[in-house]
Amino acid sequence: MRITKIELENFKKVSRATLDVGAITVLVGGNDSGKSSFVQGMHFALMAANAFHMAGKKTFPQERLLYCPTLPFFRLGNSGEYANLSGFLKLRLTFESEEKIIDQQIKIYRAKNDNVGFEYLKSSAEVTKLMQSPSRLFSVYVPGVAGIGRSEPLHQKGQIKRGIASGDANLYLRSVLYCIQREGKLDTLRAHVKTAFPHFFIRCIFDEENDAEVSIEVSTAQGGIPTVPLELAATGVLQVLQLFAYVTLFEPRLLLLDEPDSHIHPDRQQTLARALVELAKKTGVQIVLTTHSKHLMAALQGDARFFAFSRGISTPLETDQEWAWLLTDLGVVSQLESLRGGTIDFLILTEDTNSVYLQSVLQSNGVKLDRCLFSSYGTSSQLHSAVFLAKWAKARYPNCKVVIHRDRDFMTDEELEVFRKKLDDPSFEWLFTHGADVESYFCEEAVLAEILGRSVDDTRTIVEQVACKAHNALVQKFTNKRTESRNLVKAILKSDASAPKAPILSDDNPLPKSQRFGKLLLSRIVEELPKDHKRLRPQAALTLKSLRQSELQAIFKK
C-alpha cells in the first residue's frame, strides 16, 4: 500500500497544494515559495495524529505535539490563526493497493484554552493503525545536517523517537547508530550506505557499565583505514548516513527531507541522489524532498516526480517548457539571454569555470571567439544539467549551434560510446578531449615548443622529467578520475552489469601520455619553468598551429 496523493491546506506559506507523489517526489522553487512549508505541514499533521493517539482524546495541550515549528501552534495558519470554527489545517492522504483506494483526511484546529483539536474527517482503521504505531514513526523529517556536536550521551529509544519526530535530527545520530547495533541491524545499515560510499565502515563503541557518551568511528577509505570520529566525517557522509540510519531504525513510510543538498559539493550531490534512489527501491520508503540545487534536480531526473512551488501553489513539471520556466525562475539560464540578438553562432556548455585554455584550442582551429558564448554547467558529473540546458537553448534559439564540452578523464572509447548512445541528441554535439582534459593539449611537446619557442626535443625532455618527478601524484589522479568516470558511466547505465571494464594503471615511470592528468602535469611544468609562466598560463586565447585538429574543426562547421 503506497501513498499516491497528498493534499495540504492552510499551513504557513501553503494555502492549498496537491501532489501526485511517487517513490521520490522533489519540490523546487525560489525562497519563500512554500516548498518547505509543505513538508513541515505534512509532518506536523502526522505527528499530531500520534499525539492524539497518546492523549486518548480529540483535544490535548500543544506541549504534547511531537513536532511543532512554532508555539503557539495556532499561528501556523496560512489565512490567519487557526480557530474553533474556521481556519483549519487539513491533510489528505490517498493510498492505493491492488484491491482498494483509501482516503485518509485529518483536520487540526484551535480548541478551548488554546489546546490542539484533532479530528479524522475520513479514516481507515488500517491506515490509522500505521499512523499511530508506538514503535514506528510514520514520517521522519530531516531538515539537513551541517555537522554534529563533539559528544552525545546515550539516549533511549523513546527519547530518540521523540527527538527525531521533533526535527532535532543532529542531536541523536550517535544514539540512533548504537540502537541499530544493539538491535542487530548494523549490517543492514552498512549495506545501505555502501550504495553511496562503497568502502563505508562504521564502529560503535559504548560500555553501558562505564561509559557516559557514545563513540562512533567511520571510514570511507578502502579497507576501513583510517577511521575518524563521527564529528570529523565529511558532510556528505553524515547526510547519507543520517538518512539511512533513521530509515533502518524506524522504518518510516515517509521520509521528508528539507534541502538535503545543503553544504554538499555538487559532485557529492550525485552520490546523494543515487543513495536516495537505492533507499526508495530497497526499503519501500517514499521520499519527499525540497531543493534549490539544479545538480540534484538533474541527477534525479528519470527517477523522481517534480513540482515547482510559487506563492504556496504547486505545479507539476512534466514538459521542457515547464522546466525552462523553473530554470529561468532560479536564474540558471539568465546568462543565455545574449543568444537572443543573433550575434552568437555557437553556445559552448563547458565543465570548466575558466575556459581560457578551451578558447585557445578553438581559436587555433578557426573558431571566431566573438561569435561564441561560453557557459559553465558546473562539474563533469552534472551532464544531465548540461544536456537539458542544451535542449532548452536549441529549442529557443534554433540558429545557434550547441556544443557540450566534457573532459575525457581517462574514459575508454567504449565508455565514450555509452555516452553517445545514452545521451546523444540532435540538439547538440559533444566535444570530448583527446587526452584526460583540455590542459593535456598544452602538455604535448609540439604545442609547448610552439609556445616557448624551443625545439620539440627540448620540450620532450622537460615533460618527461616533470612527469617522473610528479609520478606519485599523477598515479593518484589517474586512480581518482578513473573511479569518478566509472561511477558516472554506471549511473548513466543505471547498472554495473554492462559497464565497460576500466583500463589498467601502467607500471611505467613516467606514466604513458594517455594516463597523465593535464591540469596537474601542466602546473608542475609551469613550476619547472618560472620564467615562462606567463606564456604557459595565457590570459587571452592563443592561436597555435600545433593545436589544429580536423575532427574539432568539423564540430564547429556551420
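Each remark here, short or long, concerns the structure printed above.
Just so you know, these numbers come straight off a predicted model, no measurement behind them.

The rules behind these values
Residues numbered from 1 in each chain as written. Predicted model: local features only at pLDDT ≥ 70, side-chain atom pairs only at ≥ 80, totals over all residues. Heavy atoms only, no water. Buried < 20%, exposed > 50% of the residue type's maximum accessible area, 1.4 Å probe, protein only. Helix = DSSP H or I, 4+ residues; strand = E, 2+ residues; numbered from the N terminus. Phe/Tyr/Trp six-rings, centres within 6.5 Å; stacked < 30°, edge-to-face > 60°. Lys NZ or Arg CZ within 6 Å of the ring centre and 35° of its normal. Pairing = 2+ DSSP bridges. Axes fitted to C-alpha atoms, helices over the stretch in contact; angles between N-to-C directions. Core = buried A, V, L, I, M, F, W, Y, C linked by side-chain atoms within 4.5 Å. Contact = heavy atoms within 4.5 Å.

Undergrad: Can you help me understand helix α10 (residues 356-364) in this one?
TA: What sets the pattern is the α-helix's 3.6 residues per turn: residues three or four places apart point alike. Within α10, seven of the nine residues are buried, which leaves it mostly tucked inside the rest of the structure. Note on α10: the residue one or two positions beyond its end, G366, has a positive phi of about 85°.

Undergrad: Just to check I follow, could you spell out the packing of aromatic side chains for this structure?
TA: Each aromatic ring pair is described using two quantities: the centre-to-centre distance and the angle formed by the ring planes. Throughout the structure, instances matching the rule amount to 17 aromatic pairs. Between the aromatic rings of F73 and Y82, the centroid separation amounts to 6.3 Å while the plane-to-plane angle is 40°, which identifies the pairing as tilted. Overall, the relative accessible area of 0% leaves F73 in the buried class. Each member of the aromatic cluster is reached from another via a ring pair, and the members are F52, F118 and Y120. Sitting over the ring of F88, K107 keeps its end group 3.9 Å from the ring centre. Positioned over the ring face of Y109 is K107, at 5.4 Å from the centre of the ring.

Undergrad: Just checking my understanding: could you explain the sheet that holds strand β12 (residues 254-258) for this structure?
TA: Within a sheet, each strand pairs with its neighbour through backbone hydrogen bonds, oriented either parallel or antiparallel. The mixed open sheet is built from six strands, whose spatial order is β8-β12-β13-β3-β14-β15. Only two strands of the sheet have a single partner each, and these edge strands are β8 (139-142) and β15 (313-316). The sheet shows a mean angle of 20° between the axes of neighbouring strands, direction not considered. Of the pairings in the sheet, the one linking β12 to strand β13 (residues 286-291) comprises five bridges and is parallel in character.

Undergrad: Can you walk me through the pairing of β15 in this structure?
TA: Residues in a regular strand project their side chains so that they alternate between the two faces of the sheet. Both strand β14 (residues 305-310) and β15 contribute to a ladder of four bridges, which runs antiparallel. Bridge assignment links S310 to a residue of β15, and that residue is I313. Between β14 and β15, which pair antiparallel and follow one another directly, the connecting turn spans two residues, one of which, R311, has a positive phi of 55°.

Undergrad: Teacher, can you tell me more about the nonpolar core here?
TA: One broad rule of soluble globular proteins: the nonpolar side chains tend to lie buried together. Counting 110 residues, the largest nonpolar core has I24, F38, I108, L177, I287 and L300 as the members making the most contacts within it. Apart from the residues within four sequence positions on either side, L300 is in contact with I24, V26, A273, V277, L289 and F306. By size, the runner-up hydrophobic cluster in this structure holds 45 residues, among which are F346, I348, V447 and I451.

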